[in-house]
Amino acid sequence: MTNPHPAPGPGAAAETPGSTTSDGPQVPGPRRSGEPRRPTLRSDLRASWPDGLAALVITAAVFVLLYIRIRNETSSTVTVMPFMADAGAFWLYFLSQAFGWSALLWAWGTVILGLLSGPRPSRLPLSGPRLERLHRTTSLNTIALIAAHALFFGAELIRFDTAAWNSAVATAFVEVFVPGGYDSGTGRIAIPVGQAALYLAIPLGLLFYVRHRIGPKTWRVLHRCVIVVYVLSVWHTLLYGTNVWYDGWFRTGVWLLQLPIAALLLLRLLRPARRSEKLSGSPGASAGARTGWALRLGGRLAVAAVLVALVAVVASGRDGGRSVPPEDTSSTHNHD
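These lines cover the structure that appears in this document, whether it is placed above or below. (Residues numbered from 1 in each chain as written. Predicted model: local features only at pLDDT ≥ 70, side-chain atom pairs only at ≥ 80, totals over all residues. Heavy atoms only, no water.)

**Quick word on the overall build of the chain**
To be explicit about the condition: Each helix is a run of H or I in the DSSP string that is no shorter than four residues. Each strand is a run of E no shorter than two, and both are numbered from the N terminus. Any residue under 20% of the maximum accessible area for its type is buried, any over 50% is exposed, and the rest in between are partly exposed; the area is computed with a 1.4 Å probe on protein chains only. Contacts are residue-level and defined by heavy atoms, with any inter-residue pair within 4.5 Å sufficient. Values of accessible area rely on a 1.4 Å probe in the Shrake-Rupley scheme; residue burial ignores everything except the protein chains shown.
When its secondary structure is counted, the chain shows 13 helices and 0 strands. Taken across its 336 residues, the chain has 46% of its residues classed as buried. A fraction of 72% describes how many contacts in the chain between residues 6 or more apart in sequence connect residues 24 or more apart. If you sum the accessible surface of the chain, you get close to 16,900 Å²; carbon and sulfur atoms cover 66% of it.

**Focus on unusual backbone geometry**
Non-glycine residue glutamate 73 carries a positive phi angle of around 55 degrees. Within the element layout of this structure, glutamate 73 appears in the loop between helix H2 (49-71) and helix H3 (76-80).

**A closer look at empty space enclosed by the protein**
Our working rule: Grid spacing is 1 Å over the protein atoms alone, the probe is 1.4 Å, and a cavity is where that probe fits but cannot get out, while a pocket is an open set with protein on both sides within 12 Å along at least five of seven lines and lining residues have an atom within 4 Å of a point. Grid points are joined across faces, edges and corners, and a volume is the space filled by probe spheres set on the points. When residue character is reported, Ala, Val, Leu, Ile, Met, Phe, Trp, Tyr, Cys and Pro are called nonpolar, Asp, Glu, Lys and Arg charged, and the others, Gly included, polar.
Under the definition given, this model contains 2 cavities of 30 Å³ or more. Lining the largest cavity are 27 residues, with Gly100, His149, Gly194, His236 and Tyr240 sitting closest to its centre. Those elements that provide at least two residues to the lining of the largest cavity are helix H4 (91-116), helix H5 (128-159), helix H6 (165-177), helix H7 (187-206) and helix H10 (227-240). Among the elements that take part in the lining of the largest cavity, H4 stands out by supplying 8 residues, more than any other. Partitioning the lining of the largest cavity into residue classes produces 15 nonpolar, 12 polar and no charged.

**Digging into H2**
Just so we agree on the cut-off: Take the residue count of a helix, subtract one, and multiply by 1.5 Å to get its expected span.
Under the 1.5 Å per step criterion, the end-to-end length of H2 is 32 Å for 23 residues, consistent within 8% with the ideal 33 Å. Structurally, H2 contributes buried residues whose contacts are with H3, H4 and H5. Positive backbone phi, at 55 degrees, marks glutamate 73, one or two positions downstream of H2.

**Comments concerning the environment of leucine 266**
Residue position: leucine 266 is located in helix H12 (residues 258-270). On the accessibility criterion, leucine 266 (15% relative accessible area) is buried. Each C-alpha atom of the pair leucine 266 and alanine 302 lies 9.3 Å from the other, and the pair is 36 residues apart in sequence. Not counting residues within four places of it along the chain, the set of residues in contact with leucine 266 comprises Arg300, Val303, Ala304 and Leu307.

**Describing the pattern of salt bridges**
Side-chain pairing between opposite charges can occur once the charged atoms of the two side chains come close. The condition is simple: A carboxyl oxygen of Asp or Glu within 4 Å of a side-chain nitrogen of Lys or Arg is what we treat as a salt bridge.
A complete count under the given rule lists 4 salt bridges for this structure. Between arginine 159 and glutamate 156 there is a salt bridge; the shortest N-O distance is 3.5 Å. Separated by 3 residues within a single helix, arginine 159 and glutamate 156 lie in helix H5, roughly one turn from each other. Owing to a relative accessible area of 1%, glutamate 156 belongs among the buried residues under this scheme. Of the charged contacts, one joins arginine 251 and aspartate 319 as a salt bridge, the two residues approaching to 3.7 Å between their closest N and O atoms. One end of the pair, arginine 251, is in helix H11 (residues 249-256); the other, aspartate 319, is in the segment after helix H13 (287-316), with 68 residues separating them in the sequence. Taking relative accessible area as the criterion, arginine 251 reaches 6% and is therefore assigned buried. What emerges from the salt-bridge pattern is a single network uniting Asp44, Arg133 and Arg136.

**A closer look at a nonpolar patch on the surface**
Spelled out, the test is: Exposure above 30% relative accessible area and the absence of a salt bridge qualify a residue for a patch, where like charges join within 9 Å and nonpolar side chains (Val, Leu, Ile, Met, Phe, Trp, Tyr) within 5 Å.
A contiguous nonpolar patch, built from Leu41, Leu45, Ile202 and Leu206 and spanning about 290 Å² of accessible area, is present on the exposed surface. Of all the elements in the fold, those that place two or more residues in the nonpolar patch are helix H1 (41-47) and H7. Its location among the elements puts leucine 45 in helix H1. For leucine 45, a relative accessible area of 46% gives the class partly exposed.

Rendered as C-alpha cells:
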C-alpha cells in the first residue's frame with residue numbers, strides 16, 4: 001500500500017516558506033527577519049504533553065476493558081490462550097495489549113491528520129498551523145506508544161522467565177526486538193511485522209526535524225514511505241491481536257477504520273497540490289514522462305482498488321478472521 005502521498009510521521013514538506021503542499025505541513029526555508037522559528041523536536045515534545053496525556057487515559061481505559069473481559073471470560077484471548085484466563089497473573093501482557101491498541105488508534109489519527117494537512121478542507125475547524133503541529137505531536141506519541149507496547153511485552157516475558165535475571169533480560173530482548181527471535185505460533189510472522197513498524201517509525205518520523213539538512217526533495221520521498229508504518233501496524237494487529245482473531249464486529253471495526261484513510265488518500269491523489277503530480281491526459285513523448293505518467297495512474301488505480309476491497313470486506317463481514325478455535329493452543333510462553 002505504499003503510495004505517492006504521505007500519512008503518519010511528524011510533519012510534511014513544502015517548497016517555500018509559508019506554502020502548503022499535498023505532502024502535508026509547511027517546511028520553511030531559510031529563516032528571514034521576523035519569521036517564526038522552524039519547529040524543532042524539543043518544541044514539539046513540549047507541545048505533545050496534552051496529546052500524550054490523552055493517549056495514557058485511553059490506554060488506561062483499554063486496559064480496564066481488557067482486564068474485565070478476561071476476568072469475565074468474554075474475551076477471545078481466553079479461547080486462543082486458555083492459560084491467560086487469570087487476569088491478575090498476566091496484567092503486564094494486557095497492559096502491553098492496551099498500549100498496542102492505543103498506538104494503533106494514534107497511528108490512525110496521525111494518518112488522517114497527515115492526509116488533511118495538504119489542501120485543507122475549508123470547513124475544518126483547525127487552522128493550518130494547528131493541524132500541522134497536532135500531526136507532528138501525534139506522530140511523536142505514536143512512536144512512544146509503539147515502544148511502550150514492545151517494552152511491556154518484554155517485561156511480561158522477563159517476569160515469567162525462571163532463568164537468572166541477566167539471561168531472562170537477554171532472552172526477552174532477542175524475542176521482542178530481534179527479527180526471528182520469537183519462535184512461537186503466529187508470532188513468528190506477526191512479531192517481525194511489528195518490529196519493522198517500530199524500526200521504520202523512529203527514523204522516518206524524526207526525519208522532519210533534519211529536513212533542512214537532507215533537503216526537501218529527499219525528505220518528501222522518505223516521508224511518503226511512512227504509510228508503510230501504518231500498514232505494518234494494522235497487519236501486526238490483525239495477525240497477532242487475540243482480541244480480533246475471530247470473525248465479528250471488533251475485527252470488522254478494524255477494517256472499517258481503514259475506509260476514511262483510503263478515501264482521503266484517493267482524494268489526495270486525484271487532486272494533488274503540485275502541478276507536476278497531476279495526471280495529464282497524455283503520457284508524454286519521453287520515456288521518463290511515460291514512466292511517471294504510468295506510475296501516477298497505477299497509484300490511483302491501486303488505491304481505488306483497495307477502497308473497493310475494503311468496502312467489500314466490511315459489507316460482507318468476511319474479514320479473514322477465524323471462525324473456530326485453533327486446534328493447538330499450546331505455546332512456548334505458557335508460563336505454566
